[in-house]
Amino acid sequence: MADENPSIISHVSIGANDFDRAVAFYDKVMATLGCKRVMEHPGAVAYGKAFPEFWVGTPIDGYPASTGNGTHVGFIAASREAVHAFYDAAMAAGAQDNGAPGPRPHYGAPYYGCFVRDPEGHKIEAAFWDESAVPDA
C-alpha cells in the first residue's frame, strides 16, 4: 500500500551530456549502496534497490544537460563504511571531491556523509544517519 512507504520522493532524474560515461560512473557508485540498474530505456537508466528511484539520462528536450546551483541528490548509506566505499568508488570513477567522508555536526550529531561532483558536475552525497551518535536524553 502506498501509504506505508515512508518516502515522499517517487524518483529523481539528472541529465547527462556524456551518457555512456555517466552510466559507467553510476554503475560503480550505486553498487556501493546496494543499488543496481532496475530499468533501462534508450538514453536513460534507472537505479534502485527494488524500483526506479534515480534516473540518469539524456535530456528529452534535446538541449544540453546542466547542473543546478544549490541542487544535490543525497543517497542513504547503511553504514559509515558504505559512505567511504561510495566516496572511494566515486573518486576512482572520475568524481571531484566536494567534502570527504566524516561527521558534520551542524547537520546533527547522527550525520556522517560525503559529497562529490559526478563527471557531469552534479553534486551527490552519501549519508549515514548514526543513531548511536545521539547522546541519551
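Anyway, here's the lowdown on the structure attached to this text. All values derive from a computational prediction rather than experimental measurement. (Residues numbered from 1 in each chain as written. Predicted model: local features only at pLDDT ≥ 70, side-chain atom pairs only at ≥ 80, totals over all residues. Heavy atoms only, no water.)

**Remarks on the packing of aromatic side chains**
The following threshold applies: Pairing of aromatic rings covers Phe, Tyr and the six-membered ring of Trp, with a centre-to-centre limit of 6.5 Å; geometry is then stacked below 30 degrees between planes, edge-to-face above 60, and tilted otherwise. For helices the rule is a DSSP run of H or I covering at least 4 residues; for strands it is a run of E covering at least 2, with both sets numbered from the N terminus onward. Classification of residues uses two cut-offs on accessible area relative to the type maximum, computed with a 1.4 Å probe and protein chains only: under 20% is buried, over 50% is exposed, and between them is partly exposed. Placement of a positive charge over a ring is assigned whenever Lys NZ or Arg CZ falls within 6 Å of the ring centre and within 35 degrees of the normal to the ring plane.
All chains considered together, the criterion is met by seven aromatic pairs. Ring geometry for F54 and F75: centres 4.9 Å apart, planes at 90°, overall edge-to-face. Residue F54 is located in strand β4 (residues 54-57), and its partner F75 is located in strand β5 (residues 72-76); the two are separated by 21 residues in the primary sequence. Residue F54 shares its accessibility class with F75, and that shared class is buried. Judged by centre distance (4.9 Å) and plane angle (85°), the ring pair of Y107 and Y111 falls under edge-to-face. Taken together, the ring pairs in this structure connect F25, Y26, Y47, F54, F75 and F86 into an aromatic cluster. Over the ring of F115 we find K123, and its NZ or CZ is 5.0 Å from the ring centre.

**Let's talk about the pattern of salt bridges**
Quick note on the threshold: Definition used for salt bridges: Asp or Glu carboxyl oxygen within 4 Å of a side-chain nitrogen of Lys or Arg.
Tallying each qualifying case throughout the model produces three salt bridges. Salt-bridge contacts for D27 lead to R37; the nearest nitrogen and oxygen are separated by 2.8 Å. Taken together, the residues span a long stretch of sequence, with D27 in helix α1 (residues 19-31) and R37 in strand β2 (residues 36-41) at a distance of ten residues. Classification of D27 as partly exposed rests on a relative accessible area of 31%. Two residues, R37 and E40, come together in a salt bridge whose shortest N-O distance is 3.2 Å. Its relative accessible area of 33% is what places R37 among the partly exposed residues. Connected through salt bridges with shared partners, the residues D27, R37 and E40 form a single ionic network.

**Some points on the packing of α1 against helix α2 (residues 80-92)**
Under the convention used in this document: In this analysis, axes come from line fits to C-alpha atoms, helices being fitted only over the stretch in contact, and the angle between any two N-to-C directions falls in the range 0 to 180 degrees. Any angle between 65 and 115 degrees counts as roughly perpendicular, while under 35 counts as roughly parallel, over 145 as roughly antiparallel, and the rest as oblique. Take the far helix as your reference; a near helix turned counterclockwise from it by less than a right angle gives a left-handed crossing, and one turned clockwise gives a right-handed crossing. Contact criterion: two residues are considered in contact whenever any of their non-hydrogen atoms come within 4.5 Å of each other. Residues are grouped as follows: nonpolar covers Ala, Val, Leu, Ile, Met, Phe, Trp, Tyr, Cys and Pro; charged covers Asp, Glu, Lys and Arg; every other residue, Gly included, is treated as polar.
Contact geometry for α1 and α2: axes closest at 8 Å, N-to-C directions at 160°. With respect to α2, the element α1 is oriented roughly antiparallel. Here α1 and α2 pass one another in a crossing that is right-handed. On α2, the residues touching F25, K28 and V29 of α1 are F86, A89 and A90. For the contact of α1 with α2, the residue count by class is five nonpolar, no polar and one charged.

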